[in-house]
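Okay, here's what each chain looks like letter by letter:
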Amino acid sequence: MARMELKDVVKRYGMVEVLRDINLDIADGEFIVLVGPSGCGKSTLLRMIAGLEPITEGDFMIDGARMNDVRPRDRDIAMVFQSYALYPHMDVARNMGFSMEIRRDPVDEKKRRVTQAAATLGLTALMDRLPKALSGGQRQRVAMGRAIIRDPRAFLFDEPLSNLDAALRVEMRLEIARLHQRLGATMIYVTHDQVEALTLADRIVVLNGGDIQQVGSPLDLYERPANKFVAQFIGSPTMNVVPVTGGVEGVTLANGQWLALSMRENTPFATELGIRPEHLDVVDPAPHVLTATADVVEHLGSDTNIYVNVDKVGPMMVRKHGNIPIAAGDTLGLRVDTDHVHLFSEGGMALPTPVGRAA
Ligand code: ADP
Ligand code: MG
């Protein structure tokens, strides 16, 4: 069991406030993913939870017990880092069981747990290999095995896959998802990989500059971002955001074009409009659609990415499923899917989601 609560947690290094007013309630068995730009405090937060870094202010509780002053090894939490230092002269089995060896746990019990962890992670055939004879993915699996052996009540992962190549990342991502299903342990996972965040998380926590911007399920954040930062951070390719003049029943784009929208009553006027790349439709140029010029076209096979310039509005990005026969320099029409647009106020806060209206 590991329900975790962070209450008004603050972290300062000297005068510098690195994390502010962190309030987060993590359910037992939940998979939480922390995302945010480099330097926003993700590792620091994990290290405070692990006990490797003192908490300046606030409380950190596990299952109702305050942990602030509890030593790391007494918190019963395992941490897996990006750089996994295995002992080079020990084989896989001994690397995995070493923490039990130094604790002088019973040999039989150690053997049982190592065998079980190896089976879970597909390492059974590699037990007597040395780290130098393993691939990057296999080494990372041994590092995870070391964490599982301890049968901790929670796992913390700090960008564990970022040193692996693309194919291995996918394989290990599935491995971690299975591990979570099998162990049911609370997991907190830091990544800057969109796909890892969206696919692994029960809930994603978006951090920026030491503040939590939003906490929610992957689809929540994707469909109902709380502000422009979350809107542009979640989703790849990123959301297009263009300036508009807000009105009661729609917005006017910088080129003078009117977009009819149904806004909730008393919604403040929007200053910016957000449109995801997949919510722009490529159509023949016409008076009532946006006119754009293709700048760069990327044919990915399954999808086509079209970077366009919209006259008097600015650059936008369009993503279409399939192979769209468009080349750089082509003029095209773009229709905005007004059921899926986002509006932002002056300070970048999201306004209540509008829905499309027939013009
Ligand atoms: P992230 O993991 O999100 O990239 P970190 O948690 O590593 O960010 O760092 C958050 C901020 O805290 C950064 O601005 C970093 O420079 C600062 N920081 C981290 N560790 C220390 C330290 N020991 N002393 C002073 N500042 C630190
Ligand atoms: Mg970090």
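Residues numbered from 1 in each chain as written. Chains lettered and ligands numbered in written order. Predicted model: local features only at pLDDT ≥ 70, side-chain atom pairs only at ≥ 80, totals over all residues. Heavy atoms only, no water.

S.K.: Just checking my understanding: could you explain the pairing of strand β17 (residues 303-310) for this structure?
M.R.: Moving residue by residue along a regular strand, the side chains alternate between the two faces of the sheet. Burial of β17 is extensive: six of the eight residues sit out of reach of the surface. Taken together, the seven bridges between strand β16 (residues 290-299) and β17 define a ladder with antiparallel strand orientation. Following the sheet pairing, V296 is matched in β17 by Y307. Two successive antiparallel strands, β16 and β17, enclose a turn made up of three residues, where G301 displays a positive phi of approximately 90 degrees. As paired strands, β17 and strand β18 (residues 314-321) are joined by eight bridges and run antiparallel to one another. (Buried < 20%, exposed > 50% of the residue type's maximum accessible area, 1.4 Å probe, protein only. Helix = DSSP H or I, 4+ residues; strand = E, 2+ residues; numbered from the N terminus. Pairing = 2+ DSSP bridges.)

S.K.: Help me out: how do you make sense of the domain arrangement of the protein in this one?
M.R.: Many descriptions give the size of an interface as the accessible area lost when the pieces come together. Its domain assignment divides the protein into domain 1 (4-228) and domain 2 (237-356). Distance between the C-alpha centres of domain 1 and domain 2: 38 Å. Of all residues in domain 1, Y222, P225 and K228 bury the most surface against domain 2, accounting for 69% of the area lost on that side. Two residues, K228 and E272, come together in a salt bridge whose shortest N-O distance is 3.0 Å. At the junction of domain 1 with domain 2, the criterion picks out five residue pairs in polar contact (both at pLDDT 80 or more). Across the side of domain 1 that touches domain 2, the residue classes break down as four nonpolar, one polar and three charged. (Domains from an automatic or database assignment. Buried area = accessible area lost by both parts, 1.4 Å probe. Salt bridge = Lys/Arg side-chain N within 4 Å of Asp/Glu carboxyl O. Polar contact = N/O pair within 3.5 Å; in protein donor to acceptor, adjacent residues only side chain to side chain. Nonpolar A, V, L, I, M, F, W, Y, C, P; charged D, E, K, R; others polar.)

S.K.: What am I meant to see in the pairing of strand β3 (residues 31-35) here?
M.R.: Most of β3 is tucked away: five of the five residues are buried. What you see with β3 is no split at all: F31, V33 and V35 on one side and I32 and L34 on the other are buried throughout. Bridge analysis of β3 against strand β8 (residues 186-190) gives four bridges, and the strand direction is parallel. Directly across from L34, in β8, lies its bridge partner V190. Of the pairings in the sheet, the one linking β3 to strand β9 (residues 203-208) comprises four bridges and is parallel in character.

S.K.: What should I look at first to understand helix α6 (residues 166-183) in this one?
M.R.: The periodicity of an α-helix, 3.6 residues per turn, causes residues three or four positions apart to be oriented the same way. End to end, α6 covers 26 Å across 18 residues, agreeing with the expected 26 Å (1.5 Å per residue, within 8%). Within the sequence span of α6, burial applies to L168, R169, M172, R173, E175, I176, L179 and H180. For α6, the arc enclosing every buried residue in end-on projection is 165 degrees, short of the 170-degree limit, so these residues lie on one face. Summarising the geometry of α6, the exposed residues directed more than 90 degrees from the buried face are A167 and Q181. Buried residues along α6 sit in contact with β3, α4 (107-121), α5 (136-149), β8 and α7 (194-200). Count one or two residues on from α6 and you reach G184, which has phi positive near 65 degrees. (Expected span 1.5 Å × (residues − 1). Arc of directions from axis to C-beta. Contact = heavy atoms within 4.5 Å.)

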